[in-house]
Each structure stands twice: as C-alpha cells, then as structure tokens.
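What the coordinates show
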Amino acid sequence: MMTIEIRTVGVLGAGQMGSGIAQVAATAGYTVKLADVDLERATKATSKIAAMLGKLVEKGKLTAEAAEATAKRLIPVAGIADFGDCDLVIEAATENVDLKLKLFAACDAAMKPDALLASNTSSISVTKLAAVTKRPGKVLGMHFMNPVPLMRLVEIVKAVQTEPETYTTIKEAAEKMGKTVVTSNDAPGFLVNRILIPMLCEAMFAVQEGVGTPEDIDTGAKLGLNPPMGPLELADLIGLDTVLAIANVLYTDIGDTKYRAPTLLKNLVRAGWVGKKGGRGFYVYDEKGQKVPEGFVGTITLNRPDKLNALNAELVGELHRVLAEIRRDKDLRALIVTGAGDKAFAAGADIAAMSTMTGPEAKAFGELGHAVGAQMETLAIPVIAAVNGFALGGGCEMALACDFIHASTKAKFGQPEVNLGVIPGFGGTNRLARRVGIGRARELCFTGDVIGAEEALRIGLVNGIHAPEELLGKVKEIAAKIATKGPLAVAQAKRVLLRGLDVPLPTANELEVQAFAALFGSEDQREGMAAFLGKRPANFVGR
Ligand SMILES: CCCCCCC/C=C/C(=O)SCCNC(=O)CCNC(=O)[C@H](O)C(C)(C)COP(=O)(O)OP(=O)(O)OC[C@H]1O[C@@H](n2cnc3c(N)ncnc32)[C@H](O)[C@@H]1OP(=O)(O)O
C-alpha cells in the first residue's frame, strides 16, 4: 500500500518540545504549520524560532539564506482546524492522557483521510491514542528528546494498529530531520524512559535513604559513569512532575513495585518544587535557570521587634560575635541583614539605654558599633541590607555599613540624632556622605528629617524598592545570583571598591590592577574562562 508523501507538517503545541520539532521539521525543508491554544501563542513561538535561527547564523552554523528560507516555511496557525492540508501532524501537547485523547480525536476529524498522525508522548500508550481515531493504522509515536534541535534521537513507537508503511514513512521523515531512529513497541515508558526513569528514581531513593547528598550522587554519576549531567540535575531539568507522571505510568502499567515513585519525589511535587522550571527541585535555581548552591547565603535578623529592633549593647555585642563566626565560614558567599517584624529594620540605638550613659560609656558603645560596621565592610562576602521598615539613627548607619541596600516601599530612613542632642555615632555622617553626597548628608544630619523609600531611591541611598511581602525574596534572589559568581573575584571587587574610596584615583587604579592580576592562576579564573569557552555554566569553588 502506498503512503502519503510528506510535504506539510502540522505541529500541535508551541511549547519547548513543539517549537523544537517545528524548527527541525522546517530546517529539513517541510512546510510547518504550528498551532497552540491560540494564534498569539503560535505566532510568539514562531518568532522565537526565527530568533533562534538568527543565533545559528551569528555562530556560523547556518547561512542567512537558509535561516530566511526556514523561517518562511514556518506558519503560525490558529488551531487544529488549520491542519486540513497537512500530510503529517505531530502532537506535542502537555503529557496528560485525557488531553491527548481529546486532541487526537480533534486532529483526526480535521485532517485529510490519508494523513499520518504522531504523538510526541514520552509515556502514554500510542495504541490507546490510535484507538480514538478513524485512522489507527496511520498513528504512531514520535518521541523527540529535549532540546529537540540538539538531541540526535527520535524514538519511534509502533502502536498495535500501526501499518508498516506508516512506520517507514515516519522513519524517513525523522531521518530527514537529521535524527537517528530507534524503534520501540508500545510498552510502558517505551525504550528510553523504561531505562531512564528507574535510574532517576534510584538516585532519589538514595537521597531519601540518606545514602548520599544530591551533590555527591550527581558528581558520582558524572565522574564515574560519564553522562553529561547527574541524575538529579537531569530530573530537575526534565521537571519532577513529568518524572513522577512517567514513574506512575510505569508502576501502574507494569505492576512491579520496583517502578514505584519515591516518597521524596512525590513530596517535592506536592510542594510545587518541580525542578528548574519552578526555580526549585533537588537544587535551587536563579531567574536565569542557573543552579544556586544552597547554604551559600546567610541571613542575620535583628530580633527585638517589641522595641523596633533598637540597638542595645546586648544586641550589638551579639552581632559582633555572629559576624566573627561568619568570617570563619568558608561556605558562605553572601549575607543578608534584615529586621524582625514588619515595622522596623532598626529604629536606632536604644535611647533608654543611652539616656544614662557617661561620655566614656558612650565612647565604648560607639566603638563597638564601629567595630561591627568594619566587620561588615571587611567581610570577603557582600553584605546586603533588606530594610523592611524604620532605619533610623544607628539603624540607618547599620544599613549604610552594608555593601548596598534594598528596601520595602514602607521603609523610612533618617539620622534624627540631633533631635536627641547628639550626632550619628556609628559611621552615619561619613558613610551617608559617601553614599548620597555631602550636601544631602548634611541636610539629613542637620534637620533630622525622615525620608520615605521613594526619596531614598531617588538620592541613591537604596538600590531598589519592593513591595513589603516581596522584599526578602528579591534580596535573596540578588544574594543567590552573587553566590553563583566566582567568590574570589567578588571578594576582590568588594575590597577594591571599598579601599579605592579613600585613596587618590591613581592609587585606587593600582589597587585594581594588583587585585586583577592576583586572580589569575586561581582555580576559579581557570574554571570561569573554560566554562565560557566550553559554553557551559561555571562551577566556582572559591579557590
Ligand atoms: C550600634 C551602636 C550605636 C552607637 C551609637 C550611635 C548613635 C546612634 C544614635 C541613635 O540611633 S539615636 C536614636 C535614633 N532613633 C530615633 O530617634 C527613633 C526613635 N523612635 C521613634 O521615633 C518611634 O519609635 C518611631 C520609629 C517613629 C515609631 O513610632 P511608633 O509610634 O510606631 O512606635 P513606638 O511606640 O514609638 O515604638 C515601639 C516601641 O519601641 C520603642 N523604641 C522605638 N525606637 C526606640 C529606640 N531608638 N530606642 C529605644 N526604644 C525604642 C518605643 O519606646 C516603644 O517601646 P514601648 O514604649 O512600647 O516600651
């Protein structure tokens, strides 16, 4: 029996997989109709693919003419109804059996009788999908790997009903798209996931049973078995919800307890920690999807909320002790300072305690405050103030001793000491002048005025303002981003920026040259540059 010649391919689903399939099909010379829930999504995805093709041109991997011709073959369409003239439709919707059954029936109704219908499913029975159509012999599975343009494999899955000609035609189409084909009969997990999912789950059982840490399991697998990424990193990349769904299919359909999903996996999915796409799974990820090692960001909370975290000798002494401990902690890469409660970062030095102080006692208290400021400034790691309310007097000075400040929209700043007949005694005068300029510092110190977050942002006292409920999360994101950078480089940048403030520019520049040179030969410098050249994220170790 003759099968259809494939010229026009419909792709249903414009997510990561569908877009990848559309790209490789168009690159192979097929006219591609890309559909999603609406035309807008399909159009957006088409533009993204065109941009991707542009990048390949920039890299010299594709000629400009080829990219242009490929982009022209990509047509966004409003939906399944536009698949009437397609010779092959590849469904790449979410991995949900009810949804796929519905979409298969709809495609079948819209397509011409001799056209072929494939699913990119990674686990759902293709036989079941074929059975809801009037063309069961023309249905089969076409399981592409992620990312589609880079991965060489397509797993072709024969449904019980698939006709041999359908298989041959689809195999040729996949090969024309530059893929190597393996063939699987319709069995739970097919070939690839039958091997992969139990392996990922076994790594998760090892974490669950305390055999090893996620880091050790991934490093062990990578260095001992040589895959490009560890099983837990890969599970995070695939999506833990997807891994769980496939594990459940294997367990239910094969019925052997060796395929059961680990409780740890179920719990992570219940918590919404579904991996890289959700910002957290076995690892934590920043907004660019880069892995942030946990435990690298510390937080100090000034915790005396009934007195608006006013700084008495006990609190400042405790702060001094904790900062000395942090200096010895070789794992930390950034520190956040914030205040307990929702009213204050710190409403100043404790006025009740100061009211009875003698001159020498005030001197000792001021010196302790300065020692804390110096500790924060000279830590090798950045210290970020998350100002969640009042930062007045000593509280404002504490924030100024941090490397930079982010604040809630409710925050208030000021040096109101003149109201009490004193002046800032914890570095406020000089640090404020260096942060916002001498004129503004003078006005704030002479008037005792309290300013709001907007004004603090305008004069450069704070770097950013955020809704109160978002402040800590935003600051953690910034700290997490810093934690992914080379710790030695960040430490040198902090040192040069601080010391350079107090010396003439030529001396400051000399400091910079020395620090720059000192970083060469470090493991981190070699790793950072090798990672760039190898087109992979760097893994810095702080040596
Ligand atoms: C680290 C070493 C430092 C070396 C010395 C450096 C020199 C620094 C000097 C200073 O910092 S002087 C202090 C500057 N700060 C102020 O002047 C602000 C004082 N506080 C206020 O004006 C108000 O509290 C407020 C911030 C405008 C908030 O007013 P609100 O009506 O909302 O709350 P309160 O009822 O006033 O406060 C609740 C509770 O907290 C106590 N408290 C607030 N600030 C201080 C403080 N700086 N010292 C001691 N206690 C403070 C306040 O008395 C209330 O307590 P109770 O009355 O409920 O017991």
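The preceding data block contains the structure.
Residues numbered from 1 in each chain as written. Predicted model: local features only at pLDDT ≥ 70, side-chain atom pairs only at ≥ 80, totals over all residues. Heavy atoms only, no water.

A closer look at the overall build of the chain
Threshold: In DSSP terms, a helix is any run of H or I states spanning at least four residues, a strand is any run of E spanning at least two, and both are numbered starting from the N terminus. In this description, contact between two residues means that some pair of their heavy atoms is separated by no more than 4.5 Å. Note on areas: Shrake-Rupley with a 1.4 Å probe; residue coverage comes only from the protein chains shown.
Helix and strand counts for the chain come out as 22 helices and 19 strands. Across the chain, every contact between residues at least 6 apart in sequence was considered, and the portion connecting residues at least 24 apart equals 68%. By element, 58% of the accessible surface of the chain is carried by carbon and sulfur atoms, the whole surface being about 26,400 Å².

Things to note about the packing of aromatic side chains
Cut-off, in case you're wondering: Pairing of aromatic side chains requires ring centres within 6.5 Å, counting the rings of Phe and Tyr and the six-membered ring of Trp. Pairs whose planes differ by under 30 degrees are stacked, by over 60 edge-to-face, and all others tilted. Two conditions define a charge sitting above a ring: the NZ of Lys or the CZ of Arg must be within 6 Å of the ring centre, and it must be within 35 degrees of the ring normal.
This structure, assessed with the given rule, holds one aromatic pair. In this structure, Lys-158 is placed above the aromatic ring of Tyr-167, and the distance from its NZ or CZ to the ring centre is 4.7 Å. Lys-176 extends its terminal NZ or CZ atom over the ring of Tyr-30, reaching a point 4.4 Å from the ring centre.

A short note on the sheet that holds strand E4 (residues 88-91)
Here is the rule we go by: A pair of strands counts as paired when DSSP detects no fewer than two bridges linking them. Only C-alpha atoms enter the line fits that serve as axes; for helices the fit covers just the stretch in contact. Angles between N-to-C directions range over 0 to 180 degrees.
Pairing within the open sheet is mixed, and its eight strands lie in the order E3-E2-E1-E4-E5-E6-E7-E8. Each edge of the open sheet is held by one strand with a lone partner, namely strand E3 (74-77) and strand E8 (180-185). Here the strands of the sheet are splayed against their neighbours by 25 degrees on average, with no regard to which way each runs. Along the sheet, helix H3 (residues 64-73) contacts strand E2 (31-35) and E3; its crossing angle with E3, the most-contacted strand, is approximately 30 degrees. Where helix H6 (residues 164-176) meets the sheet, it contacts E4, strand E5 (116-119), strand E6 (139-144), strand E7 (153-158) and E8, and its direction lies at approximately 25 degrees from that of E6.

Observations regarding the environment of Ile-80
Heads up, the condition is: Only protein chains enter the calculation, and the probe is 1.4 Å; a residue is then buried if its accessible area is under 20% of its type maximum, exposed if over 50%, and partly exposed in between.
With respect to the element layout, Ile-80 can be found in the loop between E3 and E4. A residue is classified by how much of its surface remains accessible, and Ile-80, at 17% relative accessible area, is buried. Between the C-alpha atoms of Ile-80 and Asp-36, which are 44 residues apart in sequence, the distance is 8.3 Å. The contact partners of Ile-80, leaving out residues within four places of it in the chain, are Leu-12, Leu-103, Ala-106, Cys-107 and Ala-110.

Concerning the site of the ligand
The following threshold applies: By convention in these notes, a residue is near a molecule or strand provided one of its non-hydrogen atoms lies within 4 Å of it. In protein, a polar contact means a hydrogen-donor-capable atom and an acceptor-capable atom, both N or O and within 3.5 Å, with residues adjacent in sequence counting only if both atoms are side-chain atoms; elsewhere, any N or O pair within 3.5 Å suffices.
Neighbouring the ligand are 25 residues; Lys-307, Lys-343, Ala-349, Ile-351 and Gly-394 lie closest to it. Ala-349 places a polar main-chain atom, nitrogen or oxygen, 2.7 Å from an oxygen atom of the ligand. Going through the elements one at a time, helix H13 (351-354), helix H14 (359-378), strand E15 (390-392) and helix H15 (394-401) are the ones with two or more residues in the shell around the ligand. Take the shell around the ligand: its biggest share by element is three residues, from H14.

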